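# Inside the fold
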Amino acid sequence: MSVPLSPPDMSHATLIAILMHHGGSMDLPASAFEADALGDGRGAHHAVQLAPLDDGTVRLSVVARPPVRCFRTDTVDASN
C-alpha cells in the first residue's frame, strides 16, 4: 500500500486481505466474538501489529493496545 491509510481504513484493508488470502471467506466459531476473546466485546484492549518479514510476507499479530488513546500505524522489524 503506497498511501498511508487511516486506522479504520487500515482495519478494513487488513480484514479484506486476510479474507482474500483465504479464498474470500473464513469459518470462525461464534466464540471468537465473545468478550473473553475480544477483550471487552469490542476488541478495545487489543491492537493489530503488521510486521514485514525478510521473505516478502507480512506477519499479522494481535498485541496489547498501548495504554494511551491514540491512533497510529507503526512498522515493526520482525526479521530478527
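Residues numbered from 1 in each chain as written. Predicted model: local features only at pLDDT ≥ 70, side-chain atom pairs only at ≥ 80, totals over all residues. Heavy atoms only, no water.

## Observations concerning the pairing of strand 2 (residues 58-64)
As judged from the 7 bridges shared by strand 1 (residues 46-52) and strand 2, these two strands associate in the antiparallel manner. Note that in strand 2 the partner of Ala47 across the bridge is Val63. In sequence, strand 1 turns back onto strand 2 through a hairpin of 5 residues, with Gly56 there showing a positive phi of about 90°. (Pairing = 2+ DSSP bridges. Helix = DSSP H or I, 4+ residues; strand = E, 2+ residues; numbered from the N terminus.)

## What about helix 1 (residues 7-21)?
For helix 1, spanning 15 residues, the distance from its first C-alpha to its last is 21 Å, which sits close to the expected 21 Å at 1.5 Å a residue. Looking one or two residues beyond helix 1, the residue adopting positive phi is Gly23, at roughly 85°. (Expected span 1.5 Å × (residues − 1).)

## As for the confidence of the model for the chain
Interpreting fine coordinate detail is not advised for predicted regions of low pLDDT. Residues of the chain with pLDDT of at least 70 account for 69%, and the chain-wide mean is 77. Looking over the chain, one finds the lowest element-wise mean pLDDT in helix 2 (residues 35-38), namely 70, and the highest in helix 1, namely 87. (pLDDT = per-residue confidence, 0-100.)

## Considering the side chain of Thr14
The residue Thr14 is located in helix 1 in this model. Every residue in contact with Thr14, bar those within four places of it in the chain, is listed here: Leu50 and Leu60. (Contact = heavy atoms within 4.5 Å.)

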